[in-house]
Amino acid sequence: MAREKYQIIHLAFTTSWRFAMDTTGMVPDSQRSPIDPTLFADLPALPGIYRFFGEQDELLYVGKSINLRQRVKSHFSARHRDKKEGRLCYLTRRIEHQVTAGELGALLLENREIKQRQPIFNRRQRRYRQLHTWRLETDARGFLVPVLYRPLANNDGWHQDSYGLFRSPRQAKAMLDSKVCDAGLCPRICGLEGSGKGACFAHQLGRCRGACCGKETVESHDQRLRATLEDQHIQAWPYTGVLVIREENGQQTDYHLIDQWCHLTTVQRQPETAAVMPDTDASFDLDSYRMLIRFLDQGIEHFVLAPDN
């Protein structure tokens, strides 16, 4: 009897909750409605950057491509299988673009816009305001010693090889401390431990090869220090004037003006003098530096404007 009552109650309970759920409101319009073809109307198959804007004309996203039309369309093609792309396409109401002569110009422009304008969907990159980097100087005993340096504060650019780029002395010290520990370098010689006589504390713990007490030569310690910092290496500026990098795509020619690894500006006419007006907020940027090194290593066309006398 009790079992029969349970079955009747259970059946009534489950049946009462069997209704059709309207899920259409849970699906973004980008996955239910056709794409507005006017969004792509003016996009060329050329290199450059593009900007997605939202309902209130807020900047949602900045991207780059060597084929603007194809790249922007790929965002909308991926909207069904990628949640982030779906959300971005759902919110986008307007798309702008800016053509560049080549890939480097697109990379430099995209990097600057992301850091200056902080689009909502881009990775939140910060432009370094107070730069800190390590430089190697020779001490009284002949050892190379890392010395913390602020290039913007001293305002003499990148005339010497440097290592790393950091927002604070604390961040710089953390990197150096990790490198010294991993390589078995002497923390006393590297300035991470106070001065003293005899072996350093790290050597007593078996974490230093003994440069502090004569068990490792100056040459060996210097070589290992350079090697362990190599992945942080920022090359000294090797040019005697403003570097000009030329890009052309058949329809447009760009000249990127670079000084002390800083992208000053891009112009469409070949400059004849090094006296240029830098773009707003032009400053050294580690990402731009790496882009420039890569393209220069690949042999991109460039020349140097001698400094004005």
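Residues numbered from 1 in each chain as written. Predicted model: local features only at pLDDT ≥ 70, side-chain atom pairs only at ≥ 80, totals over all residues. Heavy atoms only, no water.

*Asks:* Just give me the short version of unusual backbone geometry, but keep the residues and values in it.
*Replies:* A positive phi angle is found at glutamine 118, which is not glycine, with a value near 50 degrees. Note that glutamine 118 resides in the loop between helix H5 (103-117) and strand S4 (132-138). The exposure class assigned to glutamine 118 is partly exposed, which follows from its relative accessible area of 27%. Non-glycine residue glutamine 260 carries a positive phi angle of around 50 degrees. Considering the arrangement of structural elements, one finds glutamine 260 in the loop between strand S9 (253-259) and strand S10 (262-267). (Helix = DSSP H or I, 4+ residues; strand = E, 2+ residues; numbered from the N terminus. Buried < 20%, exposed > 50% of the residue type's maximum accessible area, 1.4 Å probe, protein only.)

*Asks:* With reference to specific residues and values, describe the sheet that holds S10.
*Replies:* An order of S10-S9-S8-S11 is seen for the four strands of this open sheet, with the pairing classed as antiparallel. Since the sheet does not close on itself, it has two edges, and those belong to S10 and strand S11 (302-305), each with one partner. Taken pair by pair, the neighbouring strands of this sheet meet at an average axis angle of 25 degrees, ignoring direction. Here strand S8 (residues 242-248) pairs with S11 via four bridges, running antiparallel. When the bridges of S11 are listed, valine 242 appears paired with leucine 305. Lying on the sheet, H5 is in contact with S8, S9 and S10; it crosses S8 at an angle near 115 degrees. (Pairing = 2+ DSSP bridges. Axes fitted to C-alpha atoms, helices over the stretch in contact; angles between N-to-C directions. Contact = heavy atoms within 4.5 Å.)

*Asks:* Describe the pairing of strand S2 (residues 59-65), listing the residues and the values that go with them.
*Replies:* Side-chain direction in a regular strand flips from residue to residue, so the side chains alternate between the two faces of the sheet. Most of S2 sits out of view: six of its seven residues are buried. Where strand S1 (residues 48-53) folds back on S2, the antiparallel hairpin that results is connected by five residues, among which aspartate 57 adopts a positive phi of roughly 65 degrees.

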